[in-house]
Structure formats: C-alpha cells, structure tokens
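# Inside the fold
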Amino acid sequence: MATVTFDGVSRTYPGADHPSVSNLDLDIGDGEFLVLVGPSGCGKSTTLRMLAGLEEVNDGQILIGERDVTDMPPKDRDIAMVFQNYALYPHMTVAENMSFALKMAGTSKAEREQRVNEAAKILDLQDYLDRKPKALSGGQRQRVAMGRAIVRQPQVFLMDEPLSNLDAKLRVQTRTQIASLQRRLGVTTVYVTHDQTEALTMGDRIAVLKDGFLQQLGTPRELYELPANVFVAGFIGSPSMNILPGRPVTSGGVSFGSLGIPLTAPIEGPQVTIGVRPEDLRLVSETDEGLAVVVDLIEELGADGYLFGHSKDDDALEIVVRVDGRDHPEPGDVVTVAADPRRVHLFHHESGERLS
C-alpha cells in the first residue's frame, strides 16, 4: 500500500491556451478512497492519466509512497487501472484476461491460478472463468476488469468512470460492491467520475475540480454542509442547491423574499449570494413571510417529492423545494416558501467564495 502526492502538478496540451490541470496539490492517504469529481473538461481524467503515466507532466512532481514517479514509465509505477470500456481481450477467457498481466511479468502458473481463483471468489466470478467476454453482461465484464486489477496486487488502483456503461440499477449495485471491496482490500484508490452521487456515496474524501483547478477537498459531509464556493455548492447535491444571487443586505439581515435572515457577523458590501438546499426550504402560509413561488412542476418520488418553480417576482430565479410526495401543490399554484435560517449558506456576491 502507498500514499499518493501531487505536488504543484500541471498539464498543458500542445496548442492549448490554458492548462487542463493547473498547479494541483493533493495528498492521498495510504488505503484511502479518493474521488475526483467535476463536469466534463475539468481535468479529472487528465489528473488520473498523469498518475498512471499516460500523460506527460509539464510542471510539478507525482510521488507514490516515497518514489518520484513523474517521469517513470507506467509499467514501473505499480498501479492497476480500470477503464470505462473495460478493455478486455475478446479472444481470451475470463481467467486468461485476469491473469494476462501476471503471465507477462513471469509469474508462475500455479501462483497465477491461485490469485485468479482468489479474485474470482471475491467478485463472484467462479462460474464464468471459462467464458469469453462476449458471453458476459456489462456488470460481469466490469467485475472481470476489477479482477484483472486485483490479481496484480498493486499499490494503487486507478478507476476512470468504470460504471458509466451500466444501467441505473446496476450502477447502484456495482458502486456498493466497489466501495466495500476497496475497504476490504485496503488499497489506495483514485476514482474519477462526473456523477456527484457516486462521489458522495463512495469516497472517503472528494476532490472537486473545475477548469483544471482544485475547488475543494474534503469528506462528503464537509462538501455538502460547508461548500467552499458557489460552484461546489451547486455541483454537490441532487437536486442542486438553490442559488439566489444579489440578495440585499439590510440592518435586519439578508432578504429571502419578505423574510429577513439574521446575520451573526457583519458582511462587507450591499449584496450577497444566498444558497439553500431544497430540503431546507418549507412551504408556509401565504400570510407568513417568505418568497412567493409559482409552481411549474411536481416530481413525485414516492414518499418524497420535489417542487420545481420560479419566483413570482423574477421569472429567471428558479427554486426547488422538497415536499411531501403524497400531499403537495399543483402546477400553476402560487406558494410561499421560507428558508431555515440555520441552513442558509452565504457567498461573496462577486467572487462566489463562502462567507463564514
């Protein structure tokens, strides 16, 4: 097992105006499951590929344990990578796919068989060892790709969106299997995804990237409860946090419609950006203070539901509220929404950074 360190790492592709990854500092603990998350083009896959040795590092250093692997070829880094498209050899059986890297490394046949059988037992693949990949389902192929990584007993697992080709139900099942498997094996793992639900449910810590820059690093709870800026606030959580820019600051606090949210510390500037999650909003009587919202759509999810609407006074201000899935307003209704003052997030109006 090993730690992983990115020390001021940057990568700029030839002909590009801006770096894909810029001055990345990241320390990954021994045995930690770290998730790199962000929108398409944020630099997360480039970061993973630099760690794997598949992309050149223009500046900075990458260390695995105490070894500087910045300029080391991939085969010498002691890592195993699980790709989005599985990358299985179609002419080989499951057992041959899983043992191929060991065979190339000169491992004895007896040890190869032992490691393959151990991995197959962990992944419930014993009955499929003689099959070819074309005879397997997508979930089974993904487990074979995992098995191929496990048998190598690497210091670091690298996973590049390994669940993106699976259907929704199988994704939930497989992400649970991967997370529990990683904790059982205790191998340092770096996992790339654009799906923030995967990030929240799988990672010990999450690194959020945007435009090549690290926005925040922390536990899932830290990112959810204390987002560092408006981008992280809007990206982490589903549905997204409601963002209300340009709220005026008065002596009574910050205005949320007719409701004044008291401030516990002075705020510089006449305006702030408010963030409040759908579950921290509630429907109140039309005579109470709050924000008037026109209901556009109700999304029923059984016991829970989500109200999608817009401010009565500002069509561009969209609002999402968690409501009772059985007893809720209907599209076209006008409702009054109030925020829990203890759960309101304040951000600088211009920079978007969190205000304490």
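Predicted, not measured: the structure shown is a model, and the values here were computed from it. (Residues numbered from 1 in each chain as written. Predicted model: local features only at pLDDT ≥ 70, side-chain atom pairs only at ≥ 80, totals over all residues. Heavy atoms only, no water.)

## Here's the deal with the domain arrangement of the chain
Assigned domains of the chain: these are domain 1 (4-230) and domain 2 (240-348). Relative to domain 2, the C-alpha centre of domain 1 lies at a distance of 39 Å. In this complex, domain 1 contributes 6 residues to the contact, which on the side of domain 2 involves 8 residues. Together domain 1 and domain 2 conceal approximately 570 Å² of surface at their shared face, both sides included; 57% is due to carbon and sulfur atoms. Interface area lost by domain 1 to domain 2 is led by Tyr-224, Pro-227 and Val-230, which between them contribute 77%. The interface formed by domain 1 and domain 2 holds 1 salt bridge in total. A salt bridge links Glu-225 to Arg-343, with the shortest nitrogen-to-oxygen separation between them at 3.5 Å. Examining the composition of the side of domain 1 that touches domain 2, we find that 3 residues originate from one element, helix α7 (residues 220-225), more than from any other. Considered class by class, the residues forming the side of domain 1 that touches domain 2 number 4 nonpolar, 1 polar and 1 charged. (Domains from an automatic or database assignment. Contact = heavy atoms within 4.5 Å. Buried area = accessible area lost by both parts, 1.4 Å probe. Salt bridge = Lys/Arg side-chain N within 4 Å of Asp/Glu carboxyl O. Helix = DSSP H or I, 4+ residues; strand = E, 2+ residues; numbered from the N terminus. Nonpolar A, V, L, I, M, F, W, Y, C, P; charged D, E, K, R; others polar.)

## Brief notes about the UniProt feature "domain: ABC transporter" (unreviewed entry) in the chain
Here the UniProt-annotated "domain: ABC transporter" (unreviewed entry) positions come out as residues 4-236. Note that residues 4-236 is 36% helix and 24% strand, and that its end C-alpha atoms are spaced 24 Å apart. (UniProt positions renumbered as here; feature names shortened; annotations may be inferred.)

## Focus on the packing of helix α2 (residues 94-104) against helix α4 (residues 138-151)
It is at 8 Å that the axes of α2 and α4 come closest, and there the two elements cross at 30 degrees. What the angle tells us is that α2 and α4 run roughly parallel. Handedness of the α2/α4 crossing: right-handed. Only Val-144, Gly-147, Arg-148 and Val-151 of α4 make contact with α2, whose side of the interface consists of Val-94, Asn-97, Met-98 and Leu-102. Residues of the contact of α2 with α4, tallied by class, amount to 5 nonpolar, 2 polar and 1 charged. (Axes fitted to C-alpha atoms, helices over the stretch in contact; angles between N-to-C directions. Parallel < 35°, antiparallel > 145°, perpendicular 65-115°, else oblique. Left-handed = near helix turned anticlockwise from the far one by under 90°.)

## Focus: the packing of helix α3 (residues 109-122) against α4
At a closest axis distance of 9 Å, the pairing of α3 and α4 adopts a crossing angle of 135 degrees. Here α3 lies oblique to α4, going by the angle between them. Crossing hand, α3 versus α4: right-handed. Along the contact surface, α3 presents Arg-115, Val-116 and Ala-119, while α4 presents Gly-147, Ile-150 and Val-151. Looking at side-chain class alone, the contact of α3 with α4 contains 4 nonpolar, 1 polar and 1 charged residues.

## Description of the environment of Gly-60
For Gly-60, the location among the structural elements is in strand β4 (residues 59-64). Aside from chain neighbours lying at most four places away, what touches Gly-60 is Asp-7, Gly-8, Val-9 and Thr-70.

## Overview of the packing of aromatic side chains
Tallied over the entire structure, the rule returns 3 aromatic pairs. Relative to Phe-235, the ring of Phe-231 lies with its centre 5.7 Å away and its plane at 20 degrees, an arrangement referred to as stacked. With a gap of 4 residues between them, Phe-231 and Phe-235 both fall in helix α8 (residues 230-235), about one helical turn apart. Taking the ring centre of Tyr-224 as reference, the NZ or CZ of Arg-277 above it sits at 3.8 Å. (Phe/Tyr/Trp six-rings, centres within 6.5 Å; stacked < 30°, edge-to-face > 60°. Lys NZ or Arg CZ within 6 Å of the ring centre and 35° of its normal.)

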